[in-house]
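# Structural features, examined
Chain by chain, the residues:
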Amino acid sequence: MILSKFKWITESNRPKHFKYGILVGLVFTELCVLGVASGMEFKDKQYGGSWDWLDWSATMLGGLIGQLIQLEIIWYINN
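What comes next is a walk through the structure. Remember, it's a predicted structure, so these values are computed and weren't measured experimentally. (Residues numbered from 1 in each chain as written. Predicted model: local features only at pLDDT ≥ 70, side-chain atom pairs only at ≥ 80, totals over all residues. Heavy atoms only, no water.)

Here helix H4 (residues 53-78) spans 37 Å end to end across 26 residues, near enough to the 38 Å set by a 1.5 Å rise per residue. Three or more residues of H4 are buried, namely Asp55, Trp56, Ala58, Thr59, Met60, Gly62, Gly63, Gly66, Gln67 and Gln70. Those residues of H4 that are buried lie in contact with helix H2 (14-27) and helix H3 (30-46). If you check the start of H4, you find a side-chain oxygen 3.0 Å away from the backbone N of Leu54, and it comes from Asp52. (Helix = DSSP H or I, 4+ residues; strand = E, 2+ residues; numbered from the N terminus. Expected span 1.5 Å × (residues − 1). Buried < 20%, exposed > 50% of the residue type's maximum accessible area, 1.4 Å probe, protein only. Contact = heavy atoms within 4.5 Å. Polar contact = N/O pair within 3.5 Å; in protein donor to acceptor, adjacent residues only side chain to side chain.)

See the structure below:
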């Protein structure tokens, strides 16, 4: 049941958004992920597409995961 609610993340090119969100979140902060996600959607809109909130959400979710991994690495190094 819960997996059917996350089916949207496997559609279109959202796995790429998710993956790049993880990479940016791993190296930088969630604020940078916000800029990257918004920039990618702005670019899509400028080239005749439309703003896709699900693509944006996939990038932000990936960034959150990347940020959590980053914090885990920092915690591991400091302890």
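Attention now moves to a nonpolar patch on the surface. There is a patch of nonpolar side chains on the surface, built from Leu26, Val27, Phe28, Ile65, Ile69, Ile73, Trp75, Tyr76 and Ile77 and spanning about 950 Å² of accessible area. Where the nonpolar patch is concerned, the elements lending two or more residues are H2 and H4. For the nonpolar patch, the leading source of residues is H4, giving 6 residues. Turning to its location among the elements, Trp75 is positioned in helix H4. (Patch = residues over 30% accessible without salt bridge, like charges linked within 9 Å, V, L, I, M, F, W, Y side chains within 5 Å. Areas by Shrake-Rupley, 256 points an atom, 1.4 Å probe, with all protein chains shown as cover. Salt bridge = Lys/Arg side-chain N within 4 Å of Asp/Glu carboxyl O.)

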